[in-house]
Amino acid sequence: MEYRTSRAQPGTERNMALPKPARSPETVVRPARPVTPTARGPQRLTAIGCGLLLLVTCLAAGALDSLLFDSSGVLLGLVYIAASFQASVKVRSSDLAAAPISGPICFALALLFFGPDLGPGWGGHVIGLAEALALDAGWLFAGTGLSVAIVVARHFSLSHARKKAQF
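Since this is a predicted model, take the numbers as computed values, not measurements.

S.K.: What is the right way to read helix α6 (residues 137-166) from this model?
M.R.: Residues spaced three or four apart along an α-helix face the same direction, because each turn holds 3.6 residues. With 30 residues, α6 extends 43 Å from end C-alpha to end C-alpha; this agrees with the ideal 44 Å at 1.5 Å per step. For α6, every residue scored as buried is listed here: Ala-137, Leu-140, Gly-143, Thr-144, Ser-147, Ile-150, Val-151 and Arg-154.

S.K.: I keep staring at the environment of Trp-139 and nothing clicks. Help me out?
M.R.: Following the sequence through the fold, Trp-139 ends up in helix α6. Judged by relative accessible area, which is 25%, Trp-139 ranks as partly exposed. Sequence separation between Trp-139 and Tyr-80 is 59 residues, and the spatial gap between their C-alpha atoms is 7.6 Å. Apart from the residues within four sequence positions on either side, Trp-139 is in contact with Gly-73, Val-74, Gly-77, Leu-78, Tyr-80, Ile-81 and Phe-107.

S.K.: Whenever I open this one, the packing of aromatic side chains confuses me. Can you help?
M.R.: Between two aromatic rings, the relevant description is the distance of the centres plus the angle of the planes. Under the counting rule described, the total for this entry stands at one aromatic pair. Where Tyr-80 meets Phe-107, the ring centres are 4.8 Å apart and the plane angle is 50°; that geometry is what we call tilted. With Tyr-80 in helix α3 (residues 74-90) and Phe-107 in helix α4 (residues 98-114), this pair connects stretches of sequence that are 27 residues apart. Judged by relative accessible area, which is 0%, Tyr-80 ranks as buried.

S.K.: Help me understand α4, please; the structure alone is not making it clear to me.
M.R.: Given a rise of 1.5 Å per residue, 17 residues ought to cover 24 Å, and the 24 Å separating the end C-alpha atoms of α4 matches this to within 8%. All buried positions along α4 are accounted for by Ala-98, Ala-99, Pro-100, Ser-102, Gly-103, Cys-106, Phe-107, Ala-110 and Leu-111.

S.K.: Just checking my understanding: could you explain the packing of α4 against α6 for this structure?
M.R.: What describes two packed helices is the angle between their axes and the distance between those same axes. Here α4 crosses α6 at 165°, and the two axes come no closer than 9 Å. In terms of orientation, α4 and α6 fall into the roughly antiparallel class. The handedness of the crossing between α4 and α6 comes out as right-handed. Residues Ala-99, Pro-100, Pro-104 and Phe-107 of α4 pack against Trp-139, Leu-140, Thr-144, Ser-147, Val-148 and Val-151 of α6. Considered class by class, the residues forming the contact of α4 with α6 number eight nonpolar, two polar and no charged.

S.K.: Any chance you could explain the packing of α4 against helix α5 (residues 121-135) here in plain terms?
M.R.: Where α4 meets α5, the closest approach of the two axes is 9 Å, and the angle between their N-to-C directions is 130°. In terms of orientation, α4 lies oblique with respect to α5. The handedness of the crossing between α4 and α5 comes out as right-handed. The segment α4 lies against α5, with Phe-107, Ala-108, Leu-111 and Leu-112 engaging His-125, Leu-129, Ala-132 and Leu-133.

Rules of the game
- Residues numbered from 1 in each chain as written.
- Predicted model: local features only at pLDDT ≥ 70, side-chain atom pairs only at ≥ 80, totals over all residues.
- Heavy atoms only, no water.
- Helix = DSSP H or I, 4+ residues; strand = E, 2+ residues; numbered from the N terminus.
- Expected span 1.5 Å × (residues − 1).
- Buried < 20%, exposed > 50% of the residue type's maximum accessible area, 1.4 Å probe, protein only.
- Contact = heavy atoms within 4.5 Å.
- Phe/Tyr/Trp six-rings, centres within 6.5 Å; stacked < 30°, edge-to-face > 60°.
- Axes fitted to C-alpha atoms, helices over the stretch in contact; angles between N-to-C directions.
- Parallel < 35°, antiparallel > 145°, perpendicular 65-115°, else oblique.
- Left-handed = near helix turned anticlockwise from the far one by under 90°.
- Nonpolar A, V, L, I, M, F, W, Y, C, P; charged D, E, K, R; others polar.

Written as structure tokens, this is what we have:
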């Protein structure tokens, strides 16, 4: 079997750079590079991150509301609106539907755990959840409506930017 070897073309041996001599690490002085923030875009939440953000904030607000105001729902509603705004602004463009979907679920879970009990057992919890959802429906609709409006605006803005980039 015959192997071909490449031959160097004449005159290229002179053009080859020779390696520099090795230096010890103690003699090498490197200038300190200033630390500059990278020009990345804003950090975005995934669908799971969006749900976890809403769940943690709603549960914390529900617990604090239960301790401070005996489950009046005002603190939970205000925190839910703020968390819905943040989640719908920070969610990735491919996961836009996660913000309006996970918000009401997390609000209902916070009401289930920290809402009023109207009797013993699970029946009392379910009736208490239904009553709390009926009384706090304004907060729920306001937060969900805000989240839907932001997500729809972002969707149309992104689709308009994609169409503009094609032309």
